[in-house]
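Observations on the three-dimensional arrangement
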Amino acid sequence: MDIFKIMTPIIYWSLIIMWSFILFFYVRRLHHLKDRLTQTLIFVLAIDAFRTLFESLYFGALYTSLNGLLTKKISVLLSRPEIMFIPKTLNLIVAVLIIVILLRRWIPLEAEEIMQLESLANERTADLMNANEELRKYRDHLEKRTVELTKSNEQLQQEIIGRRRTEKALQEIEERLRSTISSMDDLVFVIDKNGIFLEYYQPPGKPELYVPPEVFIGNSFKEVLPPNVARLLETALRVAEDTGAVQQFDYPMEIGNEERWYTAKISMRKDSRDEFAGITAVVRDINERKLAEEKLRNSMATNKALLNAMPDMMFRIRGDGIFVNYKSAKEGNWDIALDELVGKKVHEIFPADVARQMVPSVEKALQTDDIQTFKFQMPVRGQARHYEARTVSSWKDETLTLVRDIHEYEMTKKAIQESHKRFATILDSMEAFVYVADMQTYEILFMNKSARKFFGNAVGQICWKTFHTSHSGPCYFCTNDKLLDKEGNPSDIYVWEFQNVKIGGWFDVRDKAITWTDGRIVRLEIATDITASKQAQEELQQAKEIAEAASHAKSEFIANVSHELRTPLNGILGYAQILKKNENLTESQESGVRVIEQSGNRLSDMINDILKLSELDTRKTELTESMFHFPSFLEDVAETVRTRAEQKGLVFHFKAAPDLFTGVRGDKEQLRHVLLNLLDNAVKFTYKGNVTFRVWKLETGNLRLETGDWKLNQHPVSNFRFQVEDTGIGIPENQMEEIFSPFRQLSGVVNKSQGTGLGLAICRKLVRIMGGELHVESTVDKGSIFRFELELSQSSEWDEKPEQICATDLKAEPAETEEKDDEAIVIPPASEISLLYEFAADGNIGGLRRQLDEITGADERYAPFAAKLRKLANTFQLKQICEFLSASFQK
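**Quick look at the overall build of the protein**
When you go through the protein residue by residue, the secondary structure sums to 24 helices and 22 strands. Burial statistics for the protein: of 891 residues in total, 36% are counted as buried. Considering only contacts in the protein between residues 6 or more positions apart, those separated by 24 or more positions represent 55%.

Here's what the structure looks like:
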């Protein structure tokens, strides 16, 4: 069996080792024995041990080679007769030598000793006879003592051998330890139980740690080390003595003029009696690691802040389509269970159409390392919204997918495309020639269908080369210089007639300088063929209708261009606000940033007015009714204008009747737009005196006119009059209706250029849409009164009576002083404060309370902050709430 093949060689080689030790033992004993008989016996045993050792070597090698553990050549050699003769011959010789020694040495020596003993015994028989009994006792004692000494001797020999082995092992361990320590970058200290440095190992080539090495040896660590390190080491020494546990701690130490970090590992030492003898301290320089950890913490904090600031959703997805982690969006998540997303596959979470796009994008991102982009739709509160996903390979078999809400962009893009399509359809349906040309290079940028049909598609060519002949340069009658004012801004439409020599026809031309989509000033020209209308009034009327259609197209075009201006303008205003927060700006730079912001806001207001008027003209404006806190809404409007009036040195009065509804239903934003516009105009055109804003209720009832029939309303309704009075420059009687026309302003007004002349036109249209009529009464140099009436229904959203707005001048009152120190209140993040401020500004107490519940549920530290706001909300102190939130935001 295999086990015998393995065990037999093991037994042979064990015998070889044992007989080698026995032979070595016999040989060493020969030098220490003085008795010849014993020496002879040991010599015989040594010969026999040598013979046994030789046979074991021979047969062990033979058997091992037969098993294949040694080469077969050895087994063949050992199996030869002449070779096998050697151990047998040696065995015979050893046997003969043993017999000869026994016969010639052992027996004669034994006989001689016996005779000597008998002679000695005969000589001392008498004495021995007398002391026989004592000798017997002594012999017994001697035999026992001999046995004890023999055992002690053997034990001593074993101890000596063991000690030598131990000393040798200790020397080897010490050499290895010194070699290991010399190859380490660490410092090693050996300290006794009293805190005295016994040994100090420092790697070669390393600078001194704190003081020279010789200062450590023989001194207490309390005397050598800095106090902070000594305290830590003393604690470690006591813990090691009490528990024997290995300890580790980090500490800073000033080396030269630099603070460096070290880590110390403390282990207990014991003496030969297995008692506490002190500690061993291994010290390593971890300054680079500490610096790296600090950089890593800063980097992680920065990355976390960036991730929290990003509005996008993020997903970590493995190559097999399983979600690893995610970050939700601040604006709201989808109608799916995101909290159950981790560990599931894409197909288990997302709809099939979205999963069919997401899975290939993950696979392709891992294969190519390129960003994969796709768009999809997901439901949010039951309504589908547009999203864009960007997938990129992040780590091994993982990808990072960023999902951004592009719903507003897609809707805007769709609206712009539809608007452009309608605009192009309108222009292409016109028989007039419509084209757009650059005012500097005269390059044609656009042509309608009629122009392309007559002149061919000349987009990209020069206008005076395409539409005219015999011209070596721009036309002498070019209207470019008539379309811009002195400041280089577009002026009014320029209408003129001319005869085109190239085609021989007369045209009624309307030129207008407009801003193109890329920001440059271009000329829009609508040329209507009036050749026949020169001879007939009917054709003249048709030309007029075409011109009016072109004017309408122009309005559409301006509105669409205004939409395109909002994106870069928002970028300008956003970066202006960012620059304002920079504390390193010089006074000149701060002034420049303020100019940029003021100009941007002014341009934004102009664009918004143009868009508003365009929507009103095209009847795109729809009322959006909502419930809001009426007194706080009026107060907010008044306080917004009050600051502007006071900066101009005017007295501002706000007078609201005490019986106003607490909550009303109506289009809050449209009403705010009308009131702010009227109040702004009053402040703008008043140079001394006062501006007064009045609101009161006319009558109350439950009937409301709907689609021509009076129906019973579940809430009381009332007509409210809104009136703005000023002591300004007044309006001439012949211009009272003209001021409500678009792009019309009072003639002779110094600050005429500060507006577009659209405000009052927009206000009248909005008031009419809301069911009222805007009226004006004015006297030149005495002032004006603008008023309108609206029907508003009472809302039950506010069941409690809020803080009443007095029918006197409103002045800001300081917030109530709390007994609690505001500095002890933990302020929530700025995003939460901004949301709370919106609820307070809208007078939505219910929404404010719900948001406070969410904040305290997420973190109990915000409980004092929420308690203070709830106290103010219970008494509807909306103004104090807004002031408190503003102060908290600044903190």
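**A short note on the side chain of Glu410**
The residue Glu410 is located in helix α13 (residues 407–429) in this model. Of the residues examined, Glu410 reaches a relative accessible area of 16% and is grouped as buried. A polar atom in the side chain of Glu410 sits 3.1 Å from the side chain of Lys375.

**Describing the pairing of strand β21 (residues 775–779)**
Burial along β21 is one-sided: Val776 and Ser778 are buried, while His775, Glu777 and Thr779, pointing the other way, are not. The turn joining β21 and strand β22 (residues 783–794), which pair antiparallel and follow one another in sequence, is formed by 3 residues; a positive phi near 70° is taken by Asp781.

**Let's talk about the sheet that holds strand β11 (residues 433–438)**
Across the sheet, which stays open at both edges, the 5 strands sit in the order β12-β11-β15-β14-β13 with antiparallel pairing between neighbours. At either margin of the open sheet sits one strand with a lone partner, and together these are β12 (444–447) and β13 (494–500). On average, adjacent strands in this sheet sit at an angle of 25° to one another, irrespective of strand direction. Sheet topology note: the strand β14 (residues 505–515)/strand β15 (residues 521–529) ladder contains 9 bridges and is antiparallel. Considered in β15, the bridge of Asp508 is made with Thr528.

**Description of the nonpolar core**
Of all hydrophobic cores here, the largest spans 47 residues; its most connected members are Phe630, Leu634, Phe693, Phe722 and Phe788. Only α18 (630–647), β17 (651–656), α19 (668–684), β19 (690–706), β20 (709–726), α20 (759–769) and β22 provide two or more residues apiece to this core. When residues no more than four places from it in sequence are discounted, the contact partners of Phe630 are Leu660, Phe661, Thr662, Gly663, Val664, Val695, Phe720, Phe722 and Leu792. With 25 residues, the next largest nonpolar core counts Tyr200, Phe216, Val224 and Val229 among its residues.

**Let's talk about α20**
Most of α20 is tucked away, with 8 of its 11 residues classed as buried. Three or more residues of α20 are buried, namely Gly759, Leu760, Ala761, Ile762, Cys763, Arg764, Leu766 and Val767. Positive backbone phi, approximately 100°, marks Gly771, located one or two places after α20.

**Some details on unusual backbone geometry**
Negative phi characterises most residues that are not glycine, and trans characterises most peptide bonds. Within the chain, Asp274 stands out as a residue other than glycine whose phi angle is a positive 60°. Counting through the fold element by element, Asp274 comes out in the loop between β4 (258–270) and β5 (276–285).

**Considerations on the pattern of salt bridges**
According to the stated counting rule, one finds 31 salt bridges in the structure shown. A salt bridge links Arg520 to Asp438, with the shortest nitrogen-to-oxygen separation between them at 2.8 Å. On the criterion of sequence distance, the pair formed by Arg520 in the loop between β14 and β15 and Asp438 in strand β11 is long-range, its members being 82 residues apart. A salt bridge links Arg768 to Glu773; the shortest N-O distance between them is 3.0 Å. It is possible to trace a salt-bridge network through shared partners that takes in Asp250, Arg289, Lys290 and Glu293.

**As for the packing of aromatic side chains**
Overall, the coordinates contain 17 aromatic pairs when judged by the stated rule. With centroids separated by 6.4 Å and ring planes inclined at 70°, the aromatic side chains of Phe628 and Phe630 adopt a geometry described as edge-to-face. For the pair Phe628 and Phe630, a shared accessibility class is recorded, and that class is buried. Ring pairing ties together the aromatic residues Phe628, Phe630, Phe633, Phe661, Phe720, Phe722 and Phe788, which thus form one cluster. Residue placement shows Lys290 over the ring face of Trp261; its charged tip is 4.5 Å from the ring centre.

**Remarks on the sheet that holds strand β1 (residues 187–192)**
Strand pairing within a sheet occurs via backbone hydrogen bonds; the two strands may be parallel or antiparallel. The sheet built from 5 strands is open, its strands ordered β2-β1-β5-β4-β3 with antiparallel pairing. Of all strands in the sheet, those bounded by a partner on one side alone are β2 (197–201) and β3 (247–255). Pairs of neighbouring strands in the sheet enclose a mean axial angle of 25°, with direction left out of account. Pairing of β4 with β5 involves 9 bridges; the strand directions are antiparallel. Note on β5: the bridge partner recorded for Ala264 is Val283. Of the strands in this sheet, β1, β3, β4 and β5 are in contact with helix α9 (residues 227–243), which crosses β3 at around 160°.

**Overview of the environment of Lys544**
Inspection of the secondary structure assignment puts Lys544 in helix α16 (residues 537–580). With 11 residues separating them in the primary sequence, Lys544 and Ser533 have C-alpha atoms 10.0 Å apart.

**Comments concerning the packing of α19 against α20**
Packing of α19 against α20 brings their axes to within 10 Å, and their N-to-C directions diverge by 145°. Crossing of α19 over α20 shows left-handed handedness. Packed against α19, whose contacting residues are Gln670, His673, Val674, Asn677, Leu678 and Asn681, the element α20 presents Gly759, Leu760, Ile762, Cys763, Leu766 and Val767 at the interface. Residues that form the contact of α19 with α20 fall into these classes: 7 nonpolar, 5 polar and no charged.

**A word on the state of the cysteines**
Each disulfide consists of one covalent bond between the sulfur atoms belonging to two cysteines. Under the defined criterion, the tally for this structure stands at 0 disulfides. Sulfur of Cys475: no disulfide; nearest cysteine sulfur belongs to Cys463 and is 6.3 Å away.

**Regarding the confidence of the model for the protein**
With 75% of its residues at a pLDDT of at least 70, the protein reaches an overall mean of 77. The least confident element of the protein is helix α3 (residues 72–78), whose mean pLDDT is 66; the most confident is β17, at 91. Counting interchain partners and residues more than four positions distant, the pLDDT-below-50 stretch residues 703–713 has 18 contacts.

**What to know about the environment of Ser533**
Tracing the chain through its elements places Ser533 in the loop between β15 and α16. Taking relative accessible area as the criterion, Ser533 reaches 10% and is therefore assigned buried. Sequence-wise, Ser533 and Phe507 are 26 residues apart; in three dimensions their C-alpha atoms are separated by 9.7 Å.

**Here we look at the packing of α18 against α19**
Where α18 meets α19, the closest approach of the two axes is 10 Å, and the angle between their N-to-C directions is 25°. When the interaxial angle is binned, α18 and α19 end up roughly parallel. Read as a crossing pair, α18 and α19 show a hand that is right-handed. Note on element contacts: α19 touches α18 through Lys668, Leu671, Arg672, Leu675, Leu676, Leu679, Asp680 and Val683, opposite Phe633, Leu634, Asp636, Val637, Thr640, Val641, Arg644 and Ala645. Taken together, the residues of the contact of α18 with α19 sort by class into 10 nonpolar, 1 polar and 5 charged.

**Focus on helix α12 (residues 352–368)**
Between the first and last C-alpha of α12 there are 24 Å, a value that for 17 residues agrees with the 24 Å anticipated at 1.5 Å per step. For α12, the complete set of buried residues consists of Val354, Ala355, Met358, Val359, Ser361, Val362 and Ala365. Buried residues in α12, looked at end-on, bunch into an arc of 165°, giving them a common side. Seen from the open side of α12, the exposed residues pointing more than 90 degrees away from its buried face are Arg356 and Gln367. Of the surrounding secondary structure, the elements contacted by the buried residues of α12 are β6 (313–318), β7 (323–327), α11 (346–349), β8 (372–380), β9 (383–395) and β10 (398–405). Where α12 terminates, the next one or two residues include Asp369, which has phi positive at roughly 65°.

The rules behind each value
Residues numbered from 1 in each chain as written. Predicted model: local features only at pLDDT ≥ 70, side-chain atom pairs only at ≥ 80, totals over all residues. Heavy atoms only, no water. Helix = DSSP H or I, 4+ residues; strand = E, 2+ residues; numbered from the N terminus. Buried < 20%, exposed > 50% of the residue type's maximum accessible area, 1.4 Å probe, protein only. Contact = heavy atoms within 4.5 Å. Polar contact = N/O pair within 3.5 Å; in protein donor to acceptor, adjacent residues only side chain to side chain. Pairing = 2+ DSSP bridges. Axes fitted to C-alpha atoms, helices over the stretch in contact; angles between N-to-C directions. Core = buried A, V, L, I, M, F, W, Y, C linked by side-chain atoms within 4.5 Å. Salt bridge = Lys/Arg side-chain N within 4 Å of Asp/Glu carboxyl O. Phe/Tyr/Trp six-rings, centres within 6.5 Å; stacked < 30°, edge-to-face > 60°. Lys NZ or Arg CZ within 6 Å of the ring centre and 35° of its normal. Left-handed = near helix turned anticlockwise from the far one by under 90°. Nonpolar A, V, L, I, M, F, W, Y, C, P; charged D, E, K, R; others polar. Disulfide = S-S within 2.5 Å. pLDDT = per-residue confidence, 0-100. Parallel < 35°, antiparallel > 145°, perpendicular 65-115°, else oblique. Expected span 1.5 Å × (residues − 1). Arc of directions from axis to C-beta.

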